[in-house]
Amino acid sequence: MNKLARRYDFDWLKVLATLAVFIFHCLRFFDLDPWHVKNNELNAIATVLVEVLLQWIMPLFFLLSGVSIYFALQFRTAGQFLRERCLRLLIPLLFGIFILSPPQVYLERLSNPQHGVAPWSEGQFSGSFWEFIPYYFQGWYLFGGNFAWMGIHLWYLLVLFLFSLLLLPLFLIFKHGKGQWFIELLAIALEKPGAIFLLGLPIAILESGLDPTTFGVRAAGGWNFFTYLILLLCGYLIVVDRRIEEVVHQHFIPALAIAGVTTPILLEPFRHLLFGGGLTYASVGYTLVILLRSFNSWCWMIVFLSLGRQFLSFSHAALQYMSKATLPFYMLHQPIILIIGYLIAEWHIGALPKFIFLSLNAFVVIMLIYEFFVRRIRLFCVCFGLKPTH
């Protein structure tokens, strides 16, 4: 297979992962855990679906990001790659911090006023959005303040940018052939039956070994940042040598079986039954759950990569349109969901009809903004990480 050939399966997976994170955040409006804005009626089924999606959404994003870095470096110098990272990640992040994040923080403060800083009137912010703007720059978000330095849901862009800088020297070593000995040894080792599952071991060690209240924070997508770094590197390594990718696809059936059996065990009712409630860091039950969760997620990565190559290795006009729209869609989806969610939060129509209303209307609004503003106005193209069209 030509390493420079367009891999449409990865493009499709990126599109489907973006749609999955859209559904995920629509569900967050209804689940039982805290979020920026919540519905007046919470739903246990939404909580279960959120748990399932947390197992693979952000791991898949970072795995595919590693794949994208490999192909991007095949026809870019280090300088060109860094410029592309700035245009594709840093500028959209800054746009998100100063334009897309203030409405989200404002709605969160209206819904959860105790989490922010002054001024509050009788426990609730009393001003308009424009009156809130000066207070947006008071304090750091996540540390009692309002300024969303990581862009709220756009933390992914920040982390990916930093990881790209951190790992670039290593990727350049591989690109120039100086690390070929390592790739050769890795490919030979992973060709042994079942060895591909060992790539989940670093994730399991990191997730179980790091205290989630300190160094192993799981606030971002359900996993700690070191796990995302490992997944980014795994995505690169999987496509750097065809033998490694072949091994991944050869283990589709056992990976699907393991993922299918272990996913229900990780859901709250079954987890509580098997391991008890209130699992504390470093306890036997906690360690077993985290180990199982880590290998479960890695099995899902194998499953999605295999399904993608088997069924999605084709081009289509819809793919060309949607692939270009993924980053703007990702940037826009959460602000739109929160705005619509806040407006309909007190409707008494039931969780399922409201979820359908929220997801359909949010999707339409996002696509209308993308079609008539983002892709047609040069300034917006730049702000959303797109190459301006002529």
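Since the model is a prediction, treat every value here as computed from it, not as a measurement.

Asks: Is there a simple way to explain the state of the cysteines in this structure?
Replies: Working definition: the covalent bond between the sulfur atoms of two cysteines is a disulfide. Tallying each qualifying case throughout the model produces zero disulfides. Among the cysteines around Cys383, which has no disulfide bond, Cys381 carries the closest sulfur, lying 9.4 Å off.

Asks: I tried to follow the pattern of salt bridges on my own but got confused; where do I start?
Replies: Any two side chains of opposite charge can pair, so long as their charged atoms come close to each other. Per the counting criterion, the structure on display carries 15 salt bridges. Of the charged contacts, one joins Asp31 and Lys38 as a salt bridge, the two residues approaching to 2.5 Å between their closest N and O atoms. Put simply, Glu246 and Arg242 hold a salt bridge, and the shortest N to O gap is 3.8 Å. Linking Glu246 with Arg242, this pair stays in helix α10 (residues 242-250), spanning four residues, or about one helical turn. Overall, Glu246 belongs to the partly exposed group, its relative accessible area being 23%. One network of salt bridges, in which partners are shared, links Arg7, Asp9 and Glu245.

Asks: How should the packing of aromatic side chains be read in this particular structure?
Replies: To describe a pair of aromatic rings, one takes the distance between the centres and the angle between the planes. The full count for this structure, using the stated rule, is 39 aromatic pairs. Between Phe61 and Tyr330, the ring centres sit 5.7 Å apart and the planes meet at 55°, which makes this aromatic pair tilted. Of this pair, Phe61 sits in helix α3 (residues 57-74) while Tyr330 is found in helix α14 (residues 317-344), placing the two residues 269 residues apart along the sequence. Looking at Phe61, the relative accessible area reads 8%, which means it is buried. Between the NZ or CZ atom of Arg293 and the centre of the ring of Trp223, over which it lies, the distance is 3.8 Å.

Asks: What exactly am I supposed to notice about helix α8 (residues 201-209) here?
Replies: Listing the buried residues of α8 in full gives Ile203, Ala204, Glu207 and Ser208. Buried residues of α8 fall within an arc of 110° about the axis and therefore sit on the same side. Each element contacted by the buried residues of α8 is listed here: α9 (225-240) and α13 (284-311).

What counts, and where the lines are drawn
- Residues numbered from 1 in each chain as written.
- Predicted model: local features only at pLDDT ≥ 70, side-chain atom pairs only at ≥ 80, totals over all residues.
- Heavy atoms only, no water.
- Disulfide = S-S within 2.5 Å.
- Salt bridge = Lys/Arg side-chain N within 4 Å of Asp/Glu carboxyl O.
- Helix = DSSP H or I, 4+ residues; strand = E, 2+ residues; numbered from the N terminus.
- Buried < 20%, exposed > 50% of the residue type's maximum accessible area, 1.4 Å probe, protein only.
- Phe/Tyr/Trp six-rings, centres within 6.5 Å; stacked < 30°, edge-to-face > 60°.
- Lys NZ or Arg CZ within 6 Å of the ring centre and 35° of its normal.
- Arc of directions from axis to C-beta.
- Contact = heavy atoms within 4.5 Å.

It is worth stressing that arrangement in space is one thing and function is another; only the former is reported here.
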